[in-house]
Amino acid sequence: MQFDKTHGIVMPETKGGTKPMWSEKNSIALSQIAVKVFLGILVGCDVGGWWLVDWFLGWTRYWPMDDLAHRVLFLASLYAASVPAYCILLCLTRLLANISDGQVFIPQNVRALRSASWCCVAAALVCLASCFYYIPFLAVAVAAAFMALIIRIIKNVFEQAIGMKSELDLTV
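Residues numbered from 1 in each chain as written. Predicted model: local features only at pLDDT ≥ 70, side-chain atom pairs only at ≥ 80, totals over all residues. Heavy atoms only, no water.

Let us look at the nonpolar core. Counting 12 residues, the largest nonpolar core is built from I88, C91, L95, V110, A112, L113, A116, C119, C120, A148, I151 and F158. Of all the secondary-structure elements, those providing two or more residues to this core are α3 (68-100), α4 (107-130) and α5 (137-171). With six residues, the top contributor of residues to this core is α4. With 11 residues, the next largest nonpolar core counts V53, L57, C131 and Y133 among its residues. (Core = buried A, V, L, I, M, F, W, Y, C linked by side-chain atoms within 4.5 Å. Buried < 20%, exposed > 50% of the residue type's maximum accessible area, 1.4 Å probe, protein only. Helix = DSSP H or I, 4+ residues; strand = E, 2+ residues; numbered from the N terminus.)

Set out below in structure tokens:
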């Protein structure tokens, strides 16, 4: 590690003294890989939904739920929450593609963030409705709603940056 006097922060050592070992390009690539991994996990959960729910109901000790009706309710929640999850992954894919192309503060990224935020709200509503038969879904609903808030704030920052960028472009 070395101290960067210009920015007042500690930076990782560089190879050959020219570039840091971890770059923005590597960070974006890692994010794109993570999105693909989550997509694979989501597909796996959807394909193996019955077995996943069966395992969960066998694992949990909440005894009133070990019947077919609760299995169907859990499956309905799983598949209903999968729809916004797929949309979020699509939004993240588009956002990362734009960022890797050097297009950060553009209206398409604001739309992607807005859509991701509404998808989090949709997932929160699915989980909130699922609280009627399994109360721990309330924690997931709150987490999804909080994530929607964070994404919405980032979207607002992007909108403000786009406005500032367009003002700067007009003054130059």
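Moving on, we come to the packing of helix α2 (residues 49-59) against α3. One way to put it is that α2 packs onto α3 with a least axis distance of 10 Å and a crossing angle of 125°. Considered as vectors, α2 and α3 are oriented oblique to each other. In this structure, the crossing between α2 and α3 has a hand that is right-handed. The residues of α3 that touch α2, namely those facing G49, W50, V53, D54, F56 and L57, are L68, H70, R71, F74, L75, L78 and Y79. By residue class, the composition of the contact of α2 with α3 is nine nonpolar, two polar and two charged. (Axes fitted to C-alpha atoms, helices over the stretch in contact; angles between N-to-C directions. Parallel < 35°, antiparallel > 145°, perpendicular 65-115°, else oblique. Left-handed = near helix turned anticlockwise from the far one by under 90°. Contact = heavy atoms within 4.5 Å. Nonpolar A, V, L, I, M, F, W, Y, C, P; charged D, E, K, R; others polar.)

What the rule picks out here adds up to 10 aromatic pairs. When the ring of W55 is compared with that of W59, the centres are 5.8 Å apart and the planes differ by 15°; the resulting orientation is stacked. Here W55 pairs with W59, and both are found in helix α2, just four residues apart, close to one helical turn. In terms of burial, W55 and W59 fall into one category: exposed. Taking the centre distance of 5.7 Å and the plane angle of 90° together, the rings of F56 and Y134 count as edge-to-face. Taken together, the residues span a long stretch of sequence, with F56 in helix α2 and Y134 in the loop between α4 and α5 at a distance of 78 residues. Each of the two residues, F56 as well as Y134, counts as buried. One aromatic cluster is present, formed by W55, F56, W59, F74, Y133, Y134 and F137 through successive ring pairs. (Phe/Tyr/Trp six-rings, centres within 6.5 Å; stacked < 30°, edge-to-face > 60°.)

Turning to the side chain of S117, a few remarks are in order. Looking at where S117 falls in the secondary structure, it is placed in helix α4. A polar atom in the side chain of S117 sits 3.2 Å from the backbone oxygen of A148. The residues touching S117, leaving out its near neighbours within four places in the chain, are A148, I151 and R152. (Polar contact = N/O pair within 3.5 Å; in protein donor to acceptor, adjacent residues only side chain to side chain.)

For the rest of this paragraph, the subject is α5. For α5, which comprises 35 residues, the first-to-last C-alpha distance of 51 Å matches the rise-based estimate of 51 Å (1.5 Å per residue) to within 8%. Within α5, burial applies to F137, A141, A144, A148, I151, K155, F158 and A161. Against α3 and α4 lie the buried residues of α5. (Expected span 1.5 Å × (residues − 1).)

Among the structural elements, H70 can be located in helix α3. Accessibility expressed as a relative area gives 16% for H70, which makes it buried. Reaching out from H70, the side chain makes a polar contact with the side chain of D67 at a distance of 2.7 Å.

On the surface, a nonpolar cluster with roughly 610 Å² of combined accessible area is contributed by F146, M147, L149, I150, I153, I154 and V157. Assignment of secondary structure puts I154 in helix α5. With a relative accessible area of 38%, I154 lands in the partly exposed category. (Patch = residues over 30% accessible without salt bridge, like charges linked within 9 Å, V, L, I, M, F, W, Y side chains within 5 Å. Areas by Shrake-Rupley, 256 points an atom, 1.4 Å probe, with all protein chains shown as cover. Salt bridge = Lys/Arg side-chain N within 4 Å of Asp/Glu carboxyl O.)

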